[in-house]
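Chain residues, written in single-letter form:
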Amino acid sequence: MGNSSRELPASALYRGCDPEQLTFTTTDELEELQELVAQDRAAEAIALGASIAHEGYNTFVLGREGTGRHTLLEQYLEDKASREERASDWCYVNSFDDSRRPRAIELPAGRGRELAADMEQLIEDARAAIPAAFESEDYRTRREAIESELQEEQEAAVQEVTDKAKERGIGIIQTPTGIAFAPIRDGETIGPEQFKQLPEPEQERLVRETEEIGKELQAVMQQAPIRVREARRRVRELDREIAMWAVGSLIEELTHKYEEHARVVEYLQQVREDVVENLALFRSSEPSSPLEQLFAGRMAGSDSEASPARQRYSINVIVDHTDSSGAPMVAEPNPTYQQLLGRIEHVSQMGTLITHFGLIKAGSLHEANGGYLVLDARKLLTQPFAYEGLKQALQSRELRIESIGQAYSVVSTVSLEPEPIPLSVKVVLVGERLLYYLLQALDPEFPTLFKVAADFDDELDRTPENTALYARMLATKARRDSLKPLDAAAVGRLIEESAREAMDAEKLSARIRPVSDLMREADYWATKAGSSVIGLDAVETALEARVRRNSRVRDRLQEEILRETILIDTDGKAVGQINGLAVLQIGDFLFGRPNRITARVALGTGKVVDIEREVELGGPIHSKGVFILSSYLRATYAAEEPLSLSASLVFEQSYGGVEGDSASCAELCALLSSLAGLPIAQSLAITGSVNQRGEVQAIGGVNQKIEGFFDICRARGLDGSQGVLIPDANAKHLMLRRDVRDAVEEGQFHIYGVSHVDQAMEILTGQTAGALDPDGTFPPGTINGRVSTRLSDFAAKRRKQSGRGESEGGA
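Just so we're clear, the structure is a prediction, and the values are computed from it rather than from any experiment. (Residues numbered from 1 in each chain as written. Predicted model: local features only at pLDDT ≥ 70, side-chain atom pairs only at ≥ 80, totals over all residues. Heavy atoms only, no water.)

> Tell me what's going on with the overall build of the protein chain, and back it up with residues and numbers.
If you tally the helices and strands in the protein chain, you get 30 helices and 30 strands. For the protein chain, restricting intrachain contacts to residue pairs at least 6 apart in sequence, the fraction spanning at least 24 positions comes to 78%. Carbon together with sulfur atoms contributes 49% to the accessible area of the protein chain, which is approximately 39,800 Å² in total. (Helix = DSSP H or I, 4+ residues; strand = E, 2+ residues; numbered from the N terminus. Contact = heavy atoms within 4.5 Å. Areas by Shrake-Rupley, 256 points an atom, 1.4 Å probe, with all protein chains shown as cover.)

Have a look at this one:
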């Protein structure tokens, strides 16, 4: 079979996009595309997860980065959310019974801010009304009446005792040391000498009655605190009455305004009672000294926002949907535990951290409650406790704000315990497929919480319909990124590059990010060239610049090959030596490079030694390929007798790991060349895996592999003999560079498609492979005949050696 029959024409090496077939001059003529191209499967899954109201129907969006997962997801959810009812506002208020447990209040969207403003106004009105009420004439008169009544009662009681004492000839005298009693005669106090001159019975009477008067006066004085307490009680009742009168109408007005919201009405009634019990917050004068201001909750120079009354009665609106037009759709870029579940902040006062209900802050789950929350799965899983916190919230269907230390009992510091808020949210995680399958396998709770998987395709069919949609997608990206319009030739070139990105001429890559970046870079070059549109030249320049930026390692490797530091022959022939092809990836940059593979054979026990595996440089897939070619040798050439060779295979000058089976066909060809003693043309390289039947199977990176060998051949000078052998199955994947296609068109370089190792050997050696005759032998002189003969010789020698050993043993 001649080489020409296996050679691929230049037309098979690239599937171009004819600008004439595009129905526009520039992308300004195209309508915007509102959906992603050919992602119907993922879109249906997202719609299902977002629409089923039952528990656990959250969604995991999986796929490669750059496929437009976030774009499609957020567009769909924003559109769906805009058509749904607005979510509730949520507020925290002080719990007057237990300030450590603030209460949560739910209100319709917009009413939370309204209630907060109303309470602010109520506080301001109360701060004016209460002092004014207590400074009124009516209050002063009634309070003075209570005080006067107290004083009169006390004076009357004392006067009664005084009159009794006077009737008995005893006077009550106020001295600097207290109250004293003294006998009196004719209204005059008598001294000790005069008292001694009184008859003894009179003296005894005066002493006895003085003691009685003292007891009566003592009883009167003991009643004084009781009278004071009663007066104070009456003053408090008066204060309550006045306070109720001052703020009662204000609170009653709010109660009527929010009568449909039982929690608000209940709170307002509690405020009414608490204001009366804490009138000092409204009646006291402003603190003057810095220390007083600090204890009052604010420093000198600050506004009144932090006044004690405001701290006690203000409304902390943690979720406000006043400006929303539908249900919330929140994309959280930093899903830490506190960013998700909220936090309780603290302020420092006199070296101590304190907090109150006004320092409770919402998390993204609060913001998204009643709507949708989008999270990056990798970021979520890398944040301590965030994933577990999210699961706990979804399972309990409530949001409990607490610090990590509280949640996991790490600290015992007394802090707030806000009332939990009911949770109703659709959570969407976005991540790689690996994360999804790992969570499915390792977390038993994950499948119950994320029941819907939206799997984004990595590629789409390159049909005329999808090509037209792809052009509209490029137009949409250009408009949204404020780029210049693209002409038809530039769009066609980007479509071709997308097929190359997909590594398939019949497919387009679903990864939008690389082509978007390329458009931006082309826009830069178009601007630099002074063009008003992005043309073909700008796209080509952007592609060349991108390759140049990323090709340092490739260029250094090629330089070492050309300097013959790395040994790669591109002319001549050699037995048991072949040019294999590998693909290397540095970041996003893929490039191919040739590798010399050699094989050596000798008489042995049928073992093919993979040197890479023996020194633990070969991966399991590569080792599998070597075992497969060993099986092919046994089945094809030694089915009736032992395989009696010892062979070794090695990647020359390979100092890193070798993985993959794309070199197994090259290894088999090198081994067959060594067995047959037929030289292989070094002007050719080969890639492909092989199965036990000798069939050549498809591999990856075929374009980069061909171009890598082509670059070396071109640098040394193309002479028309160089080329690459690839599997037939890879022909549909070819999207080769123009310089490679031009060389093939001119006959300076060749691409051959093969489906069996026999075809590859014929091209590599220029000899006929030879088919198996009916008698089970290969024709003499053919490749397979020479291999079969060599292996038979090995078998005969081995039998002879075995026989000689047995004879010597018997002797």
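Continuing now.
> Tell me about the side chain of T782, residues and numbers included.
As for its position among the elements, T782 is in the loop between α29 (757-765) and α30 (783-810). The buried category is assigned to T782, whose relative accessible area is 11%. When near neighbours in sequence (up to four residues on either side) are disregarded, T782 contacts T768, A769 and G770. (Buried < 20%, exposed > 50% of the residue type's maximum accessible area, 1.4 Å probe, protein only.)

> Lay out the packing of aromatic side chains with the relevant residues and their values.
In this description, a pair of aromatic rings is defined by centroid distance and the angle of the planes. One pass over the structure, following the stated rule, counts 13 aromatic pairs. Measuring from ring centre to ring centre gives 5.9 Å for F60 and F446, while their planes differ by 75°; the resulting arrangement is edge-to-face. Of this pair, F60 sits in strand β1 (residues 59-62) while F446 sits in helix α18 (residues 446-449), placing them 386 residues apart in sequence. Side by side, F60 and F446 carry an identical accessibility label, which is buried. Here the aromatic rings of F710 and F749 are separated by 5.1 Å at their centres, their planes lie at 85°, and the arrangement is edge-to-face. With a gap of 39 residues between them, F710 in helix α27 (residues 702-716) and F749 in the loop between α28 (738-745) and β30 (750-754) connect regions that are remote in the sequence. For the pair shown, F710 and F749 are each scored as buried. Members of the aromatic cluster, each reached through a chain of ring pairs, are F60, Y436, Y437, F446 and F450. It is R741 that lies over the ring of Y14; its NZ or CZ is 3.7 Å from the centre. (Phe/Tyr/Trp six-rings, centres within 6.5 Å; stacked < 30°, edge-to-face > 60°. Lys NZ or Arg CZ within 6 Å of the ring centre and 35° of its normal.)

> I'd like to hear about the sheet that holds strand β7 (residues 316-319), residue by residue, with values.
A sheet is described by the order of its strands in space; here three strands give the open sequence β3-β2-β7, paired in antiparallel fashion. At either margin of the open sheet sits one strand with a lone partner, and together these are β3 (103-107) and β7. With direction set aside, neighbouring strand axes in the sheet form an average angle of 30°. Bridging between strand β2 (residues 89-93) and β3 involves five bridges; their strand directions are antiparallel. Opposite V93, over in β3, you have R103 as the bridge partner. Packed on one face of the sheet, helix α4 (residues 111-134) meets β2, β3 and β7 and runs near 35° to β2. Helix α8 (residues 262-277) contacts β2 and β3 of the sheet and is inclined by roughly 135° relative to β3. (Pairing = 2+ DSSP bridges. Axes fitted to C-alpha atoms, helices over the stretch in contact; angles between N-to-C directions.)

> Can you break down the packing of helix α19 (residues 464-480) against helix α20 (residues 488-502) residue by residue, with the values?
Interaxial distance between α19 and α20 falls to 10 Å at its minimum, and their mutual angle equals 110°. As summarised for this structure, α19 and α20 are arranged roughly perpendicular, according to the angle between their axes. Crossing geometry of α19 relative to α20 is assigned as right-handed. Contacts from T467, Y470, A471 and L474 of α19 reach α20 at V491, L494, I495 and S498. (Parallel < 35°, antiparallel > 145°, perpendicular 65-115°, else oblique. Left-handed = near helix turned anticlockwise from the far one by under 90°.)

> Explain the pairing of β1 residue by residue, including any values.
Here β1 shows no split at all, with T59 and V61 on one side and F60 and L62 on the other all buried. Inspection of the sheet shows β1 paired to strand β17 (residues 452-455) by four bridges, in the parallel sense. Bridge pairing in β17 links L62 to D455.

> Any chance you could break down the pairing of β2 for me, citing the residues and the numbers?
Counting buried positions over the five residues of β2 gives five, a clear majority of the element. Both faces of β2 are covered, namely the face carrying D89, C91 and V93 and the face carrying W90 and Y92. Strand direction decides the pairing type here: β2 and β7, joined by three bridges, are antiparallel. What sits directly across from Y92, in β7, is N316.

> I'd like a description of the sheet that holds strand β8 (residues 329-332), backed by residues and values.
In any sheet, the strands associate via hydrogen bonds between backbone groups, in a parallel or an antiparallel arrangement. The strand order across the open sheet formed by five strands is β8-β13-β16-β1-β17, and the pairing between neighbours is parallel. Both edges of this open sheet fall to β8 and β17, since each of them pairs with a single strand only. With direction set aside, neighbouring strand axes in the sheet form an average angle of 20°. With four bridges connecting them, β8 and strand β13 (residues 372-376) associate as parallel partners. Bridge assignment links V330 to a residue of β13, and that residue is L373.

> Would you mind going over unusual backbone geometry in detail, with residue names and values included?
The phi torsion at S482 lies on the positive side, around 55°, for a residue other than glycine. On the secondary structure map, S482 appears in the loop between α19 and α20. Of the residues examined, S482 reaches a relative accessible area of 66% and is grouped as exposed. Non-glycine residue M503 carries a positive phi angle of around 60°. Taking the relative accessible area as the measure of exposure, M503 reaches 30% and is therefore partly exposed.

> Account for the environment of G701, with residues named and values stated.
You can see G701 is positioned in the loop between β28 (696-697) and α27. Each C-alpha atom, one on G701 and one on V583, is 6.4 Å from the other, the two residues being 118 residues apart in sequence. In this structure, G701 is in contact with M503 and V583, ignoring residues within four places of it in sequence.

> Could you give an account of a nonpolar patch on the surface, naming the residues involved and the relevant values?
Among the surface-exposed residues, L434, L438 and L442 lie close enough to one another that they form a single nonpolar patch of about 330 Å² accessible area. For L434, a relative accessible area of 57% puts it in the exposed group. (Patch = residues over 30% accessible without salt bridge, like charges linked within 9 Å, V, L, I, M, F, W, Y side chains within 5 Å. Salt bridge = Lys/Arg side-chain N within 4 Å of Asp/Glu carboxyl O.)

> Explain α19 to me, and be specific about the residues and the numbers.
Between its first and last C-alpha atoms α19 spans 24 Å; for 17 residues at 1.5 Å apiece the expected length is 24 Å, and the two agree. Buried residues of α19: N466, T467, Y470, A471, M473, L474, A475, T476 and A478, and no others. Residues of α19 that are buried make contact with β18 (459-461), α20, β19 (507-509) and α21 (512-528). (Expected span 1.5 Å × (residues − 1).)

> Please provide a residue-by-residue account of the environment of F456, values included.
Among the structural elements, F456 can be located in the loop between β17 and β18. For the pair F456 and T67, spaced 389 residues apart in the sequence, the C-alpha separation amounts to 7.3 Å. Aside from chain neighbours lying at most four places away, what touches F456 is L36, Q39, A42, I46, V61, L62, G63, T67, G68, R69, L72 and R433.

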